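# Working through the structure, step by step
Below, each chain spelled out in residue letters.
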Amino acid sequence: MIFNYGFSVVGKSHIEKGTCCQDSHKIKKMDNGWYVAAIADGVGSAKNSHIGSKIAADTVVDFCSEYMPWDYSVIGIKSMLRTAYNYAFKQIIRESDKSGEPIESYDTTLSVVIYDGHRIIYGHSGDGAIIGLTIYGDYIQITKPQKGDDMVSVLPLRAGYTVWSIDTYEEELAAVMLMTDGMLDGTLCPYLLKQSNVSEVYTPIASFFADPYGTAETEKKVKKIKKEIKDFITVDEEYNIDKFYDRLSEIYKKHHGEKGKDLVDNLKEKNYPIALMQSVQDDKTMVALINTEAVFETKDIQHFSDPNWDDLQEEWNKKAYPHLYKEKTDDAIDEKTDTKAEEDGDDNTENEEAKISTKSKKTDAESTIGSDENEKSADISEYTQTQTYKYQGKTKEFLDNKEKSKQQVYYNPQTQNNQTISQTAPRKHDKPKKRSFLGKTMDFLEKSVEIFFTDDDID
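A quick note: this is a predicted structure, and the numbers were derived from the prediction, not measured.

### Observations regarding the overall build of the protein chain
The number of helices and strands found in the protein chain is 13 helices and 12 strands. Relative to its 459 residues, the protein chain shows a buried fraction of 37%. Relative to all contacts within the protein chain whose residues are 6 or more apart in sequence, the contacts with residues 24 or more apart total 70%.

### Some thoughts on empty space enclosed by the protein
Scanning all chains against the criterion turns up 2 cavities of 30 Å³ or more. Taken as a whole, the largest cavity spans an internal volume of roughly 60 Å³. Lining the largest cavity are L133, G137, Y139, T203, S207, D211, H255, F296, E297, K299, H303 and F304. When the residues that make up the lining of the largest cavity are grouped by side-chain class, the tally is 4 nonpolar, 5 polar and 3 charged. Estimates place the volume of the second largest cavity at around 40 Å³. Around the second largest cavity sit F89, I92, I103, Y106, D107, T108, L157 and R158, which together line it. Here the residues of the lining of the second largest cavity sort into 5 nonpolar, 1 polar and 2 charged.

### Side note on unusual backbone geometry
With the exception of glycine, most residues fall at negative phi, and the peptide bonds are largely trans. Unusually for a residue other than glycine, Y72 sits at a positive phi of about 55°. Counting through the fold element by element, Y72 comes out in the loop between α2 (49-66) and α3 (74-99). Residue class for Y72 comes out partly exposed when judged on its relative accessible area of 37%. Even without being a glycine, V235 presents a positive backbone phi close to 35°. In this structure, V235 sits in the loop between α6 (219-234) and α7 (241-256). Overall, V235 belongs to the buried group, its relative accessible area being 1%.

The rules behind each value
Residues numbered from 1 in each chain as written. Predicted model: local features only at pLDDT ≥ 70, side-chain atom pairs only at ≥ 80, totals over all residues. Heavy atoms only, no water. Helix = DSSP H or I, 4+ residues; strand = E, 2+ residues; numbered from the N terminus. Buried < 20%, exposed > 50% of the residue type's maximum accessible area, 1.4 Å probe, protein only. Contact = heavy atoms within 4.5 Å. 1 Å grid on protein atoms, 1.4 Å probe; cavity = no way out; pocket = protein on both sides within 12 Å on 5 of 7 lines; lining within 4 Å. Points joined across faces, edges and corners; volume = space filled by probe spheres on them. Nonpolar A, V, L, I, M, F, W, Y, C, P; charged D, E, K, R; others polar.

Now the structure itself:
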């Protein structure tokens with residue numbers, strides 16, 4: 001079973017100006033049990049925007065209900081949804097032509113969801129939002145506001161098909177909410193949570209609107225719940241805040257028992273949910289489709305509690321007004337610098353003393369090593385000199401003997417030539433030396449002469 005509701009409430013600023021509510025919504029159950037829902041927010045500066053928003057919401061819901069593809073395929077539904085957007089825009093053009101009013105005076109946003117109790121196919125144009133509750137217990141902002149280049153002006157339905165977002169969200173959803181920008185920025189996703197690391201969606205209010213534990217089946221309870229939701233959205237000065245916290249307490253107790261009640265008591269002390277809703281000045285539209293039979297996880301208790309608003313506000317102020325924090329920051333930096341300088345000074349003194357001590361030890365060590373090296377060098381030098389001296393002494397003795405050998409002369413009676421030892425070496429045996437041919441010839445001639453010339457002849 002899908003529990004559904006939708007409310008469009010005129011904003012305080014419009015009440016003061018005497019203008020009507022420019023928001024519109026429509027919900028319809030299709031023959032196959034699916035739901036199609038749409039919200040539209042007429043642009044405040046456009047004269048006929050309330051007419052444009054009603055045409056857009058009514059036309060797109062009726063078109064989807066009538067021309068839903070027979071096979072319910074995702075591709076077919078997305079194609080049909082794009083055609084529905086185009087048809088809704090043409091209906092506004094016809095109204096403009098009929099009235100003679102310019103088309104821009106009918107400007108409006110338009111967000112649509114087709115929900116089967118598990119998944120959605122959606123269309124989105126403008127600064128409204130679609131938020132889903134996953135089966136894992138997380139509230140997810142599925143769409144983002146479409147703004148102009150100035151990030152202030154809104155891109156309406158008239159921006160055309162190149163801007164329209166037609167898509168599907170694949171993750172299974174236990175519930176889905178559609179809301180205009182007044183509800184989005186003022187309550188469900190307040191600006192302080194945009195810098196949060198946890199979630200941009202404010203869980204206490206989201207749980208009040210879309211938690212399956214807060215639904216009912218009997219007609220009487222359904223009417224009671226819907227009245228409680230509408231009263232909270234309206235939240236006039238006579239609003240009884242206990243109605244909000246009693247409903248939320250019932251939901252939280254189903255998640256965490258008595259601890260859930262304690263969470264609600266803590267929320268009630270600061271009363272942020274009520275304060276946020278009361279601060280919204282714009283028109284407020286909320287539509288919800290909730291699967292009462294969905295099975296989803298319960299998050300830890302911290303997930304359901306209030307964030308630290310003071311810290312978030314401080315962080316926001318530092319980003320939005322940095323000049324107000326500059327002096328404090330500079331003083332803190334100077335103080336930190338001075339402290340660090342003193343610490344560094346002490347550290348430097350200790351380091352210098354350590355360096356001096358180390359250097360002194362190093363010098364002593366080097367002196368000792370140098371002394372040892374010098375002694376070692378002296379020993380090596382002395383050894384080298386001794387060896388050199390001995391070597392040189394042997395060399396000198398050898399050279400002296402060599403010179404003497406060169407001067408020693410042997411007498412050869414045969415040649416009667418003076419020859420050095422280097423030229424003629426003494427014989428080591430007594431055998432007669434062989435005569436050469438010339439020597440033998442000379443001996444023969446000498447003997448012949450002795451025969452022919454005797455001593456007497458010579459006389």
